[in-house]
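Notes for the structure review
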Amino acid sequence: MPLPLRAVALLASLACPLSLAQPVVEAPTPTPPSPAPELRYDKPFFPGARHDASVPTVRQLIGIDAGDRAATPAEIEKCFRAWADTSDRATLVEHARSYEGRPLFHLIVTRPDRQARLGDIKAAYAKLSDQRGVSRADIDRAMRDLPGVAWMGYSIHGDETSGADAALALAYHLVADQSDETRSMLDDLVIIIDPMMNPDGRERFLKMIQQHRGNAPDTDNQSLLHTGYWPRGRGNHYLFDLNRDSIFGVHPETRGRLRAVSEWRPLLFVDAHEMWPLDTFLFAPGRAPQNPHFPARRGHWNEKFAADQADAFDGFGWRYYTGEWNEGWYPGYTDAWAALKGAVGILYEQARIADTGVLRPEGATETYKESVHKQYVSSIANLRSLRTHKADLLREFVAERAANIARDGAFGNTLYAINPGSDEGRRRAFLDLMELQGVEVHEATRGFSATGKDAVGRAFDGRAFPEGTLLIAAAQPDAPLASALLELDTPMPGEFLTEERRELLRKGESRLYDTTAWNIPMLYGMEAFELTGSLPAGAERVRLEPVRGGVDVRESRVGWAIDGADDRSVVAAAQLMERGVRVRLLDKATDLDGRPLARGTIFVLWADNRANTGLVDSLDEVARVLGVAAVSLDTGRGVGDAPDLGGGHLLLLERPRVALVGRANTDPTDYGAVWHTIDHRLGMRAAYLDADTLSSADLRRYNTLVFPNGSGRVLRANAETLRAWVEAGGTLIAIGNSAAAASSAGLNLSSARTLGDAIEKLDEYALDIVREHEGLLAQATAEDVYSHTLAPAVRAPWEKVEALPSTDELKRRAEWNALFAPQGAIVAARTDDRHWLTVGVEGTLPVLVGGESPLLAKRPTEAPVRLGVYIEKAATSEAAPATAKPGAEEEGKKQEEPKLARFGFAPAPEGYEPRLRMSGLLWPEAAHSLMNSAYLTRDRVGSGQVICFASPPAFRGATLGTARLLHNAIVYGPGAGASHPIRP
């Protein structure tokens, strides 16, 4: 075995006496670059300041002044810890650790005598935030002499560096300055500085800068020095955009910050970003649309703070703007979440200057230090505004919090109900998120009835709800946030919709910046309702209890089962197979000796694991860690006609050997979401392959390949190799535009087709939909089947359907409809309850769709999930309209029956009407393009299979409903859907 290079070097050093060591050879002196006076920036950051010499400066601590270059996470930490150690004005609190182990912390700065009373200040704000059972006198007492609290957050995107360096300047100035202004500011305020909200992304990006920095300055914003390379530094370790995670709380960076901010209840929350390098500086307020759940006072205060910030910029002659592209619809932005919690949320966007400076279109060069200065000046301006208006802001905050809980207020008569189903893992995940957000959840202890509507828009009166229904009253301390997270559908104002449609038609560009739907229960795949009224009698507050799991009985006759209704069963299967345990999957519900087991249940049987002496210990360990029960089985005989354990409904799984393909043109966020799913949620081993070198990789090592959104080019470049690999037994999973590529007529990996490729054969696809409807709804009687006479004609189902337009017309419509592609809407999907890919997912599944190409599927392609559901038409008592008696010219002529209308390309079953949109903006044109299209397809290809997801199923790590489908594909695919030889 060859020695590692470090060992070789160590042995060599030990073998050579020091006297024989070679002298260090210095690099040649480089030719000095041309002078660059435009890169000098000498405007003082702290005019009039009197800094205490006993507090170390940034330069004394890390060798540079704030803004000379981007400081590393370690340098920022060193400075903040030093200031907390040397200043009696500062306390440092670590609130989280990143995936890579870096600390996330905030510095609490206020006058020295308050540092010992920080807990009292938090307690006072907690009392003002939740006024239930608090008297007016107690409220007045809590408000007396209460300082205003500001949370100053910086650089949540790792490649937007200037904010964190401005935090260095701000923190040093506040802890060291002895001027009257700073002393007065600290008398009135508690200032919390959160200097870098994404240290892992920052570290990644700064390494890229270092790798591309030369001897001569580079001010071209297109250079690698300024752009970095895939995946850049925007996201965290798993490449997630943390500025979208506030409502989902998936990542430790977010979870720690949400808890800390919720403890403080700041009146001001600043979120400092960067944008396009050749832009100027943007700050709040944003333009329309604004989320209607934002407190009404937000607009007024945004205007006031903006006026003060603009005045500060005018003093330097700096250019800036507000609004234009920054709207406030999505509530998951960091500043938006803080606003829903009661703060004045303010966003900054400074033109991104990654290093030295950037040459601008007007011929001037903006330096990195100037970009940091702008962020610093903005921070100081906002703190001055907060100090000036603290009393008014505090008074309005208190009034707002009282209105949130008022029974006769705006939130007082709305109740959100969720049927968590039998998936205890997903129920716990939902309760954990609500607890993190500070949203109170109750549970019905007995059945009740209520009036309201469901997620596909059906109104009901007196609908029965069972015991165990989760209930969230809108009227609670964090009412705006609770309603933003749980409201089924938030309509946009008509005036904005008009503007949006005109922009789409004129420019082909949306004025929306993010997804338009985010309802948490829907994304979790839960049945959600909006009710009118208050909590029913007997409803009890729900709190998470510690999980318990493990093997119930170690001496089982047959084996053990983990119920497949729980998402954690898939994780258990993956973990067990990693430990060498043979696992089986149930594809049809059964009942073993009176124990009902859901479709998707996994089995660990003695018969499959005869040589595994540590079987019970492995199973018990996995079940305990996951908190699931592995129940013992005394018989393999199903009750009645329920499946037995030796039949064809118990599929022997194959251990997944997974590779995820990335880099090149792959969408970093979807790659990160799938990576996080495999590595963090499933806890599986996997390989992570470079798309550019895929052609030279030995694919025989893997039985599962995953191509995230954006890998279409890679699929096309390796189509021949991949088809041979699939035919030999591989499972290829393609997502988003990768699925579109795999389904394209030219590539032909999958027999599914994009809408463009299928447009000339839409009637064939419609026939498959009709066949599905008939397979579910057809009726037959003995009289029909056993008649001795032959009917003159049997009318085929497609004869009842209206004719399609010409191919040319269909193409024109498809191009037109594509203008209105959704940007993130939740639609209803119907699931095949007999397919192994849909185990753990039953009935109507909410699916988040974007602008991806719709997929069409017909046999032999399987479509376990299709978009759109059908509900029975309401019965009507109206009499049918009278028809005139036919005239003589009509006598003997056959009366034509009305044809069934098509919704998209296919009809609805007779007596049913289609429903598609559940939440978010979905134009009618887009709805017709999506209706009946396939969300999930599977093709058998030789001994293997190709599985396609039309849109990303693990979006932002938050779509737990569709993520279950991806988990099924990855973990169960190699065994349930592909064929492998018996290995001797």
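Let us look at the structure shown here. (Residues numbered from 1 in each chain as written. Predicted model: local features only at pLDDT ≥ 70, side-chain atom pairs only at ≥ 80, totals over all residues. Heavy atoms only, no water.)

**Remarks on the overall build of the protein chain**
Each helix and strand counted, the protein chain has 30 helices and 43 strands in total. Over its C-alpha atoms the protein chain spans a radius of gyration of 31 Å, differing by no more than 12% from the 30 Å that the globule rule assigns to 984 residues. The C-alpha extent of the protein chain, read off along each of the three principal axes, is 105 × 80 × 65 Å. Residues counted as buried form 56% of the 984 residues belonging to the protein chain. For the protein chain, the share of sequence-separated contacts (at least 6 apart) that also reach a separation of at least 24 residues comes to 80%. Put simply, the protein chain shows about 42600 Å² of open surface, and 51% of that area lies on carbon and sulfur atoms. If the 111 positive side-chain charges of the protein chain are averaged to one point and the 131 negative ones to another, these points end up 2 Å apart. (Helix = DSSP H or I, 4+ residues; strand = E, 2+ residues; numbered from the N terminus. Rg over C-alpha atoms; globule rule 2.2 N^0.38 Å. Buried < 20%, exposed > 50% of the residue type's maximum accessible area, 1.4 Å probe, protein only. Contact = heavy atoms within 4.5 Å. Areas by Shrake-Rupley, 256 points an atom, 1.4 Å probe, with all protein chains shown as cover. Lys, Arg positive; Asp, Glu negative; His and termini not counted. Charge placed at Lys NZ, Arg CZ, Asp CG, Glu CD.)

**As for the environment of Ser246**
As for its placement among the helices and strands, Ser246 is situated in the loop between α9 (224-227) and α10 (252-264). Residues Ser246 and Gly332, spaced 86 residues apart in sequence, show a C-alpha to C-alpha distance of 5.0 Å.

**Looking at helix α23 (residues 719-727)**
Where α23 is concerned, the buried positions are Ala719, Leu722, Trp725 and Val726. Seen along its axis, α23 keeps its buried residues to an arc of 130°; they face one direction. Residues of α23 that are buried sit in contact with β30 (704-707), α22 (712-717), β31 (731-735), β42 (934-941) and β43 (944-949). Just downstream of α23 lies Gly729, where phi reads positive at about 125°. (Arc of directions from axis to C-beta.)

**Description of the sheet that holds strand β17 (residues 470-473)**
Strands sit in the order β16-β15-β18-β13-β17-β14-β19 across an open sheet of seven strands; the sheet is antiparallel. At either end of the open sheet lies a strand with only one pairing partner, and these are β16 (459-465) and β19 (540-541). Across five bridges, the pairing between strand β15 (residues 448-454) and β16 is antiparallel. By the bridge assignment, Lys453 is partnered in β16 with Ala459. (Pairing = 2+ DSSP bridges.)

**Structural notes on a nonpolar patch on the surface**
The grouping of Leu505, Trp816 and Leu819 at the surface amounts to a nonpolar patch, some 270 Å² of accessible area in total. Relative to the helices and strands, Trp816 resides in helix α28 (residues 807-818). Overall, Trp816 belongs to the partly exposed group, its relative accessible area being 42%. (Patch = residues over 30% accessible without salt bridge, like charges linked within 9 Å, V, L, I, M, F, W, Y side chains within 5 Å. Salt bridge = Lys/Arg side-chain N within 4 Å of Asp/Glu carboxyl O.)

**Quick notes on the nonpolar core**
Counting 154 residues, the largest nonpolar core has Phe80, Trp83, Ile193, Leu268, Leu383 and Phe430 as the members making the most contacts within it. A per-element tally of this core places helix α6 (residues 162-176) first, with 11 residues. Residues contacting Phe430, with those up to four places away along its chain left out, are Ile418, Leu470, Ile472, Leu486, Ile520, Pro521, Tyr524 and Met526. Counting 73 residues, the second largest nonpolar core, distinct from the first, contains Tyr238, Leu585, Ile733 and Trp836. (Core = buried A, V, L, I, M, F, W, Y, C linked by side-chain atoms within 4.5 Å.)

**Quick look at the pattern of salt bridges**
Between side chains of opposite charge, a pair can form when the charged atoms approach closely. Scanning the model with the defined rule gives 72 salt bridges in all. Residue Asp241 pairs with Arg244 through a salt bridge whose shortest N-O separation is 3.2 Å. Of the charged contacts in the structure, one is a salt bridge between Arg866 and Glu772, with a shortest N-O distance of 2.8 Å. Of this pair, Arg866 sits in strand β36 (residues 862-867) while Glu772 sits in helix α26 (residues 762-777), and the two are 94 residues apart along the sequence. For Arg866, a relative accessible area of 2% gives the class buried. Residue Glu772 is classed as partly exposed on the basis of its relative accessible area of 22%.

**Examining the sheet that holds strand β25 (residues 602-605)**
Spatially, six strands are ordered β20-β26-β21-β25-β22-β27 in an open sheet, and the strand pairing comes out mixed. Single-partner strands in this sheet number two, and they are β20 (550-551) and β27 (650-652). As defined by bridge partners, strand β22 (residues 584-586) adjoins β25 across two bridges and the pair is classed as antiparallel. For Leu585, the partnering residue across the bridge sits in β25 and is Ile602. The strands that helix α19 (residues 568-578) touches are β21 (559-562) and β25; relative to β25, the one it contacts most, it runs at about 35°. (Axes fitted to C-alpha atoms, helices over the stretch in contact; angles between N-to-C directions.)

**Examining the side chain of Asn243**
Among the secondary structure elements, Asn243 is positioned in the loop between α9 and α10. For Asn243, the side chain forms a polar contact with the side chain of Thr334, separated by 2.7 Å. Sequence-distant contacts of Asn243, defined by excluding residues within four places in its chain, comprise Ile156, His157, Asp271, His273, Gly332, Tyr333 and Thr334. (Polar contact = N/O pair within 3.5 Å; in protein donor to acceptor, adjacent residues only side chain to side chain.)

**With respect to the packing of helix α11 (residues 297-314) against helix α13 (residues 368-388)**
Axis separation between α11 and α13 bottoms out at 9 Å; the angle between their running directions is 135°. With respect to each other, α11 and α13 are oriented oblique. Handedness of the crossing formed by α11 with α13: right-handed. Of the residues in α13, those in contact with Phe305, Asp308, Gln309, Ala312 and Phe313 of α11 are Lys374, Val377, Ser378, Ala381, Asn382, Ser385 and Leu386. Residue composition of the contact of α11 with α13, by class: six nonpolar, four polar and two charged. (Parallel < 35°, antiparallel > 145°, perpendicular 65-115°, else oblique. Left-handed = near helix turned anticlockwise from the far one by under 90°. Nonpolar A, V, L, I, M, F, W, Y, C, P; charged D, E, K, R; others polar.)

**Considering the packing of aromatic side chains**
For the structure shown, the criterion picks out 35 aromatic pairs. A ring pair is formed by Phe80 and Phe105, whose centres lie 5.7 Å apart and whose planes are at 50°; its orientation type is tilted. You can see Phe80 sitting in helix α3 (residues 73-86) and its partner Phe105 sitting in strand β2 (residues 103-109), a full 25 residues away along the chain. In terms of burial, Phe80 and Phe105 fall into one category: buried. Both rings, one in Trp301 and one in Phe305, keep their centres 6.4 Å apart while their planes meet at 75°; by these two values the pair is edge-to-face. Remark: Phe305 and Trp301 occur in helix α11; sequence separation between them is four residues, near one turn of the helix. Here Trp301 falls in the buried class, since its relative accessible area comes to 2%. Its relative accessible area of 1% is what places Phe305 among the buried residues. Counting every residue linked through ring pairs, the aromatic cluster contains Phe45, Phe46, Phe80, Trp83, Phe105, Tyr172 and Tyr376. The ring of Phe294 has Arg298 sitting right over it, with the charged end atom 4.0 Å from the ring centre. Here Arg463 stacks its cationic end above the ring of Phe465, 5.8 Å away from the centre of that ring. (Phe/Tyr/Trp six-rings, centres within 6.5 Å; stacked < 30°, edge-to-face > 60°. Lys NZ or Arg CZ within 6 Å of the ring centre and 35° of its normal.)

**Regarding the packing of α3 against α6**
Where α3 meets α6, the closest approach of the two axes is 11 Å, and the angle between their N-to-C directions is 15°. Between α3 and α6, the angle falls in the class roughly parallel. By crossing handedness, the relation of α3 to α6 is classed as left-handed. Note on element contacts: α6 touches α3 through Ala164, Ala167, Leu168, Ala171, Tyr172 and Val175, opposite Ile76, Cys79, Phe80 and Trp83. Each residue belonging to the contact of α3 with α6 can be placed in one class, and the counts come to 10 nonpolar, no polar and no charged.

Just distances and angles here, no functional claims.
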